[in-house]
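# Topology and contacts: notes
The chain contents come next:
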Amino acid sequence: MQEIQNGVCAPKGFRAAGIWCGIRKNHTKPDLAMIVSDTRCTAAGVYTKNKVKGAPLTVTKNHLTDGHAQAVICNSGNANTCAPGGLALAEETCALAAAALGIDAADWIVGSTGVIGKAMTLEPFRDGIPKLAAVLSYAGSAQAAQAIMTTDTRVKEAAVEFTAGGRTCRLGAIAKGSGMIHPNMATMLCFITTDAAVSPVMLQKALSEDILDSFNQVSVDRDTSTNDTVTILANGLAGNSEIAAPGPDYDAFAAALAFVTRKLSFLMAADGEGASKAIVCTVSGAPDKETARLVSRSVISSSLFKAAMFGGDANWGRILCAIGYTDAEFEIDRVSVTLQSKAGSVLVCEHAAHHEFSEEFAAKVLAEDTVTVLVDLHQGAGEATAWGCDLTYEYVKINGDYRT
C-alpha cells in the first residue's frame, strides 16, 4: 500500500469540482461540491446517531437502499436541518443534478453542512449546478474538499494505492470537520471513492466496521452533529474480481480504507475549532479492544485535560481522572501514563501514582503541535487510538457568534 495524491479523484473514473453558488454571503468561499463517477457504483453509508437529523441524510439513506449510487452533491453554509421544506429541497437538488449530468436522481448522494434551522431556497442550486457540472475535473478533488468546509481552516483529503485480485486499485477521500465533533460520528462529512470492485454487502461491512476505530474515535468538543455522513462509492474500474466475501482481497481493501480514514481522523482533530495542537491518545494493555476505545475517547474528550494541554501543563491527574470515570471494567492501580511528542517522551504516572519527572522537560514535550498520550492499563492485549485537540479561548470566540 502506498500513499498517493488527488483525494477522491485518485481512483480511476472519478471527477470532482467545487464552486461558489450563492449559499454563503462570502463570494470567495466555495459552497457547492460535486463528485461524479464515470459509471454507476456500489455504495454504502454511515450516519449520525443524533435523533435530530438533516433532511439530506433521509434522502441519501433512501437513495442507497439498493446499494448503488453514482454521484455526490453537497453544499456548505446551510445544514438543511429543521428547516421548512428541507426534504423536498434535498430531493429537488438531486433532480437538478440529474438533469445536468444525465444520472438518475436516485443515484445521487446529497449532503449539507452549516447553520441548523435556517431556511434555504433552491435558487443557488438552479444557478450553480449547471456551472459546477461544466467544470468537473479528474483533478478536482481539492476544489470539492474546499467547498464542503465550514469552520475548517484547511482542506482534508487522502488517497492510497493497493493491490486486490492482482490489480492495482486506488481509494481516496475528502472530509470536513472542525467543530461539533464527537463519537457517534462527529459536524463531519466524508466522501470516499474507490475503483476497486466491491459488492454492496462487503462495502457496507467494511465501512461500518472501520468507523469504530476511525471517525467514532474523534472528539473536538463533545457535541454530536445532526448531519454527519460518511459514504463510499466503488466503481470497479480497476478491473479486479469483485470482492464479495472475506479473504485476502477484502483485507487489503479494508487496510486501505483504514489508512485513509485514520489520516482524516487526525486531520479533523488537528483542525479542531480554535485548536493550537492535536492530541492523540493510544491505549494498550486493555482487557479488550472496546475498553481501549472507551478509555482513549474518555481522555481526549476531557475538557479539563484539553485545557491543561492548551496551557502546556503536564497535569497527569486529569488524565487519570478521565481514565477512572470511563464506563468500562478494569483495574485502575496498574495504569501508567507517558506524554510524548517530537521533543521526546516523559513517564508521568506509574501504578496510577505520581512518577518523578522534570516539569521543564515535560513543558517542552507539550509545546509541540502534536502531543501523544500513551496509556498502558497492563491487563490485556486490547489497543485503540483516539484523536482530539486542546481547548482554547478561540473555540469560545468561534462559537460565540457562529451565526452572526
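Residue numbers here run from 1 along each chain, matching the order of that chain's written sequence. Local features in this predicted model are restricted to residues of pLDDT 70 or higher, and side-chain atom pairs are both shown and tallied only at a pLDDT of 80 or more, whereas totals for entire chains, interfaces and linings draw on every residue. Heavy atoms throughout the structure, all of them, feed into the side-chain values; hydrogens and water do not.

Before going further, it helps to examine the overall build of the protein chain. In terms of regular secondary structure, the protein chain is built from 11 helices and 15 strands. Across its three principal directions, the C-alpha atoms of the protein chain cover 65 × 55 × 35 Å. Counting every position in the protein chain, which comprises 404 residues, the buried fraction comes to 56%. The protein chains shown are the only cover counted for residues, whose accessible areas, like all others here, come from Shrake-Rupley with a 1.4 Å probe. A total of about 15600 Å² of accessible surface is found on the protein chain, and carbon and sulfur atoms cover 52% of it. Going along the chain from the N terminus, every DSSP run of H or I of four or more residues is numbered as a helix, and every run of E of two or more is numbered as a strand. Only protein chains enter the area calculation, which uses a 1.4 Å probe; residues under 20% of their type maximum are buried, those over 50% are exposed, and those in between are partly exposed.

The terminal C-alpha atoms of helix 3 (residues 123-134) lie 18 Å apart, and with 12 residues this matches the ideal 16 Å at 1.5 Å per residue to within 8%. Every buried residue of helix 3 is listed here: P124, F125, G128, I129, L132 and A133. Along the axis of helix 3, the buried positions cluster into a sector of 130°, meaning they face one direction only. Any pair of residues with heavy atoms lying within 4.5 Å of one another is described as a contacting pair. Of the surrounding elements, those touching the buried residues of helix 3 are strand 2 (14-19), strand 3 (32-47), strand 4 (68-78) and helix 2 (86-101). Here a helix's expected span is defined as the number of its residues, less one, multiplied by 1.5 Å. Summarising the geometry, the arc corresponds to the directions from the helix axis toward the C-beta atoms.

Bringing the packing of helix 2 against helix 3 into the picture now. Each axis is a line fitted through C-alpha atoms, taken for helices only over the stretch in contact, and angles between the N-to-C directions span 0 to 180 degrees. Packing of helix 2 against helix 3 leaves a shortest axis separation of 9 Å and a crossing angle of 35°. Like other packed secondary-structure pairs, helix 2 and helix 3 cross with a definite hand, here right-handed. Counting all contacts with helix 2, which are made through L89, T93, L96, A97, A100 and L101, the residues of helix 3 involved are F125, R126, I129 and A133. Residues of the contact of helix 2 with helix 3, tallied by class, amount to eight nonpolar, one polar and one charged. Each crossing gets its hand from how the near helix is turned against the far one by less than a right angle, where anticlockwise is left-handed and clockwise is right-handed. Nonpolar residues are Ala, Val, Leu, Ile, Met, Phe, Trp, Tyr, Cys and Pro. Charged residues are Asp, Glu, Lys and Arg, and all others, Gly as well, are polar.

A separate point is the sheet that holds strand 13 (residues 353-354). Pairing in this open sheet of six strands is mixed, and the strands run 13-12-11-14-10-15 from one edge to the other. The sheet is open, and its two borders are formed by strand 13 and strand 15 (382-389), each paired with just one other strand. Here a strand pair is declared whenever DSSP counts at least two bridges between the two strands. By the bridge criterion, seven bridges tie strand 10 (residues 278-286) to strand 15 in an arrangement that is antiparallel. Note that in strand 15 the partner of I279 across the bridge is G388. Of the strands in this sheet, strand 10 and strand 15 touch helix 7 (residues 289-301), which is tilted by about 20° from strand 15.

Here we come to empty space enclosed by the protein. Here a cavity is any set of points on a 1 Å grid over the protein atoms alone where a 1.4 Å probe fits but cannot get out, and a pocket is any open set with protein on both sides within 12 Å along at least 5 of 7 lines; a residue lines the site when it has an atom within 4 Å of a point. Grid points are joined across faces, edges and corners, and a volume is the space filled by probe spheres set on the points. By volume, the largest cavity is sized at about 40 Å³. As for the largest cavity, its lining consists of 13 residues, of which N75, T93, V110, S112 and F125 are closest to the centre. At the level of secondary structure, the elements contributing two or more residues to the lining of the largest cavity comprise strand 4, helix 2 and strand 5 (108-115). In the lining of the largest cavity, the residues fall into eight nonpolar, five polar and no charged.

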